[in-house]
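# Notes for the structure review
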Amino acid sequence: MRANFSSSSACLANSSEEELPVGLETYGNLELVFTVVSAVMIGLLMFSLGCSVDIQRLWSHIRGPWGIAVRLLCQFGLMPLAAYLLVISFSLKPVQAMVILIVGCCPGGTTSNIFTYWVDGDMDLSISMTTCSTVAALRMMPLHLYLYTLSWNLEQNLTISYQNIGVTLVCLTIPVALGVYGNYRWPKQSKIILKITAEESVRGVTRHAKRPERLAVQDGGC
């Protein structure tokens, strides 16, 4: 009886070991699908938001970049400093401190453009600032992480995912450029596209971000 029990236990262990790679493969496929769907939705959203950009006003912001300069100062000056002061004030653990510091050093993203569109703000300034901050993050983010962690005893080296930053930059600039060109050539059609696509894309991204399955996966990954 003991021999049979041990053999059955061994069979269960072997079966679980055989099923594990299949589960990991399924999770990898789901993650790939989620990444592709998210990239398509964000690209569609940025294209529709680009249809609201006036090329002359965008060029005026680039030529007189006071608004962009203030945004970069706040993005890579005040935010990393505020994150570092929070870490020091609350005496956080190394993992928690690193997460807060990384969030404080990250560039602006699509969320700021969405909120700007919702409140009927200056989309030309918002998109130009998001693009500039993303480009600047290629150098400023590693610099801030290096400077603020000099006094920390880290067991592992920090690795900056330049690939993710580059993908974000491509997903931002190309759809926006196409939207700006479409607004320049076909302004009436661009307004229709903006009214339909932007609102639906914003709702879709919001619902997608609030899904409990995604939150559960992220919590489990941490």
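What follows deals with helix H6 (residues 123-148). The periodicity of an α-helix, 3.6 residues per turn, causes residues three or four positions apart to be oriented the same way. The end-to-end C-alpha distance of H6, which contains 26 residues, comes to just 33 Å, noticeably less than the 38 Å that a straight helix rising 1.5 Å per residue would cover. A maximum bend of about 55° is found in H6 at Ala137. A distance of 3.2 Å separates the backbone nitrogen of Asp124 from a side-chain oxygen at the start of H6, and that oxygen is part of Asp122.

With that out of the way, let us pick up the nonpolar core. Core analysis: the biggest nonpolar cluster contains 14 residues, and Met46, Leu49, Val53, Tyr117, Met123, Ile127 and Val176 have the highest contact counts within it. Among the secondary structure elements, those contributing two or more residues to this core are helix H1 (2-50), helix H5 (110-118), H6 and helix H7 (162-185). Sequence-distant contacts of Val53, that is, excluding residues within four places in its chain, are made with Leu58, Met123, Asp124, Ile127, Val180 and Asn183. Cys105, Met141, Trp152 and Ile165 belong to the second largest nonpolar core, which has eleven residues in total.

With that out of the way, let us pick up the packing of aromatic side chains. How two aromatic rings sit relative to each other is given by the distance of their centres and the angle of their planes. Counting across every chain of the model gives two aromatic pairs. Judged by centre distance (5.0 Å) and plane angle (40°), the ring pair of Tyr84 and Tyr148 falls under tilted. Remark: Tyr148 occurs in helix H6 and Tyr84 occurs in helix H3 (residues 66-90); sequence separation between them is 64 residues. When the ring of Tyr181 is compared with that of Trp186, the centres are 6.2 Å apart and the planes differ by 90°; the resulting orientation is edge-to-face. Here the guanidinium or amino end of Arg185 rests over the ring plane of Trp186, the centre of that ring lying 5.3 Å away.

Once that is clear, we can look at the pattern of salt bridges. Applying the stated criterion across every chain yields a total of two salt bridges. The salt bridge involving Arg57 is made with Asp122; its shortest N-O contact spans 3.3 Å. Of this pair, Arg57 sits in helix H2 (residues 55-63) while Asp122 sits in the loop between H5 and H6; the two residues are 65 residues apart in sequence, bridging distant segments of the chain. Here Asp122 falls in the partly exposed class, since its relative accessible area comes to 25%. Between Asp124 and Arg57 there is a salt bridge, and its shortest N-O distance comes to 3.5 Å. Placement of Asp124 in helix H6 and of Arg57 in helix H2 is noted, with a sequence separation of 67 residues between them.

Attention shifts here to H3. Taking 1.5 Å of rise per residue, 25 residues should cover 36 Å, and H3 covers 35 Å from first to last C-alpha, within 8% of that figure. The largest bend along H3 measures about 30° and falls at Cys74. Considered for burial, the residues of H3 that qualify are Ile68, Arg71, Gln75, Phe76, Pro80, Ala83 and Val87. Buried residues along H3 sit in contact with H2, helix H4 (94-105) and H6.

Remark: H3 packs on H4, axes separated minimally by 8 Å, with the N-to-C direction vectors making an angle of 165°. Between H3 and H4, the interaxial angle falls into the category roughly antiparallel. The handedness of the crossing between H3 and H4 is right-handed. In contact with Gln75, Phe76, Met79, Pro80, Ala83, Tyr84 and Val87 of H3, H4 contributes Ala97, Ile100, Leu101, Val103, Gly104 and Cys105. For the contact of H3 with H4, the residue count by class is eleven nonpolar, two polar and no charged.

Considering the arrangement of structural elements, one finds Leu78 in helix H3. Looking at Leu78, the relative accessible area reads 53%, which means it is exposed. For the pair Leu78 and Cys105, spaced 27 residues apart in the sequence, the C-alpha separation amounts to 9.6 Å.

Here is what the cut-offs are and how they apply
- Here the residue numbers are simple positions, counted from 1 along each chain's written sequence.
- Since the coordinates come from a predicted model, pLDDT governs what is reported: local features require at least 70, and pairs of side-chain atoms require 80 or more to be given and counted, while whole-chain, interface and lining totals use all residues.
- As a rule here, side-chain values cover all heavy atoms of the structure and leave hydrogens and water aside.
- Each helix is a run of DSSP H or I of at least 4 residues and each strand a run of E of at least 2, with the numbering of both proceeding from the N terminus.
- Residue count minus one, scaled by 1.5 Å, sets the expected span of a helix.
- Bend, at a single residue, is the angle you get between axes fitted to the 7 residues ending at that residue and the 7 residues starting at it.
- Here a polar contact means two N or O atoms within 3.5 Å. Within protein one must be a hydrogen donor candidate and the other an acceptor candidate, and residues neighboring in sequence count only if both atoms are side-chain atoms.
- Nonpolar cores are built from buried Ala, Val, Leu, Ile, Met, Phe, Trp, Tyr and Cys residues. Side-chain atoms within 4.5 Å join them into one set.
- Three exposure classes are used, based on accessible area relative to the maximum for each residue type with a 1.4 Å probe and protein chains only: buried under 20%, partly exposed in between, and exposed over 50%.
- By the convention used here, residues are in contact when the closest approach between their heavy atoms is within 4.5 Å.
- Any Phe, Tyr or Trp ring, taking Trp's six-membered ring, that has another such ring centre within 6.5 Å forms a pair; planes under 30 degrees apart are called stacked, those over 60 apart edge-to-face, and the others tilted.
- Working rule: Lys NZ or Arg CZ, within 6 Å of ring centre, within 35 degrees of ring normal, means a charge sits over the ring.
- Definition used for salt bridges: Asp or Glu carboxyl oxygen within 4 Å of a side-chain nitrogen of Lys or Arg.
- Throughout, an axis means a line fitted to C-alpha atoms (over the contacting stretch in the case of helices), and angles, computed between N-to-C directions, take values from 0 to 180 degrees.
- Note on terminology: angles under 35 degrees are roughly parallel, angles over 145 are roughly antiparallel, angles of 65 to 115 are roughly perpendicular, and the others are oblique.
- The sense of a crossing depends on the near helix, which, turned anticlockwise from the far helix by less than a right angle, makes the crossing left-handed and, turned clockwise, makes it right-handed.
- Each residue gets one of three labels, nonpolar for Ala, Val, Leu, Ile, Met, Phe, Trp, Tyr, Cys and Pro, charged for Asp, Glu, Lys and Arg, and polar for the others, Gly among them.

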